[in-house]
Amino acid sequence: MNLTIISPAKNEAKNLPELIRRAFAVAKKHALNLEFLLVDDHSSDSTISVVTKLKITYPNLKLIKSEGCGPGAALITGFAHAYHPTIITLDSDLSHDPEVIPLFLKEFKKTKADILIGSRFMKGGRADLSPHRLFFSRFMGSLVSLLTNHRIYDATSGFRIQKLAAIKKLQLKNPGFPIHLEIPLKAILSGYQVREYPIHYLKRKYGLSKMRTFRIGPSYLKVLFGQILKHNLAPLFRFANRV
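Source: prediction; values computed, not measured. (Residues numbered from 1 in each chain as written. Predicted model: local features only at pLDDT ≥ 70, side-chain atom pairs only at ≥ 80, totals over all residues. Heavy atoms only, no water.)

### Here we look at the environment of A27
Examined against the element boundaries, A27 turns out to sit in helix α1 (residues 16–29). Sequence spacing of A27 and N2 is 25 residues, and the spatial spacing of their C-alpha atoms is 9.9 Å. Residue contacts for A27: discarding those within four places in its chain leaves L32 and L34. (Helix = DSSP H or I, 4+ residues; strand = E, 2+ residues; numbered from the N terminus. Contact = heavy atoms within 4.5 Å.)

### Comments concerning the pairing of strand β5 (residues 115–119)
Most of β5 is tucked away: 5 of the 5 residues are buried. With burial as the criterion, each face of β5 is covered, one bearing I115, I117 and S119 and the other bearing L116 and G118. Of the strand pairs in this sheet, β5 and strand β7 (residues 160–163) are connected by 3 bridges, and their pairing is antiparallel. If you follow I117 over to β7, its bridge partner there is R160. (Buried < 20%, exposed > 50% of the residue type's maximum accessible area, 1.4 Å probe, protein only. Pairing = 2+ DSSP bridges.)

### Some details on the nonpolar core
Among the nonpolar cores identified, the biggest contains 35 residues, and I6, F79, V144, L181, I183 and L224 are the most heavily contacted of them. Those elements giving two or more residues to this core turn out to be β2 (33–40), α3 (71–81), β5, α5 (131–148), α6 (164–168), α7 (179–189) and α8 (213–230). The dominant element in this core, judged by the number of residues it contributes, is α7, at 7 residues. Not counting residues up to four positions away in its chain, the partners in contact with L181 are M140, V144, A155, R160, Y220, V223 and L224. (Core = buried A, V, L, I, M, F, W, Y, C linked by side-chain atoms within 4.5 Å.)

### Brief notes about the packing of aromatic side chains
For the structure on display, the rule yields 6 aromatic pairs. By way of ring pairs, the aromatic residues F24, F36 and Y58 are connected into one cluster. R120 extends its terminal NZ or CZ atom over the ring of Y201, reaching a point 5.5 Å from the ring centre. (Phe/Tyr/Trp six-rings, centres within 6.5 Å; stacked < 30°, edge-to-face > 60°. Lys NZ or Arg CZ within 6 Å of the ring centre and 35° of its normal.)

Structure follows, in C-alpha cells:
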C-alpha cells in the first residue's frame, strides 16, 4: 500500500530519530510504500541537521520547510506536497505510536471512511494528559457532537488517517493548533464520512509541549462557531428541536 506520513516539527530534534526509525520499521514489516514528510516549522534547534543525516538512511524521508508559522500551516504545507492518496498525520514528539499504523489502516479500509481519527476518548482509548487538557479536549468533542448531530468523541486529535482528495476539498486555513478541529468539523459539515479508532496518547519523550490550552482555547471556539454559522445554523436548530 502507498502511504504518506506528514509530521510537523518545531524543535523536536531529540524525538525525531526514534520516530522516523520506528515509522520506517513499521513500513518495512508491513510492506508499505512509505513517503515520510517532515515539515519543519521554523525550528531553532538541530532539527534540520538531524533530519538531513537521517535522509541518508531513509531515502523516502523528505524535509520540507513550512510555508507559514504554526502546526496548521505545517500540515497545509505537507498536504500540498504529499504524493500518495492516503495520508497519516502524527505528532513528532512520540505521543503518537507508529506501531498503531497497521491497525489504523485496517480499520480505515473496513469503515470506508474519508477520515479516521485516532480517538483518545472513545471506548478503548487513553490519554496521558493534564486534567485541563483532558477537560478541554473532551469538551470540544462534546460541542462538535451537539452542534453537528454527529457523535464524535475526539475532535482535536492530530493522529489521523485521511484521503488526500477529501482534505484538498476542505480549503483548510487555520495556521495553528485549531486545524485539528477544523479538519473533522469541515469534513462532517461537508458530508464526508468521519470515523474514530481508539488510541493511547502518550506523554512526549523529550521537550515541552507547544500547546497552551488557556491561550489557544478561544481560537478553537472561533473555528467551531465560525463553521456552524457558515452552514446556516442548521445543526443548531436540529439540536434545539431535540431539547
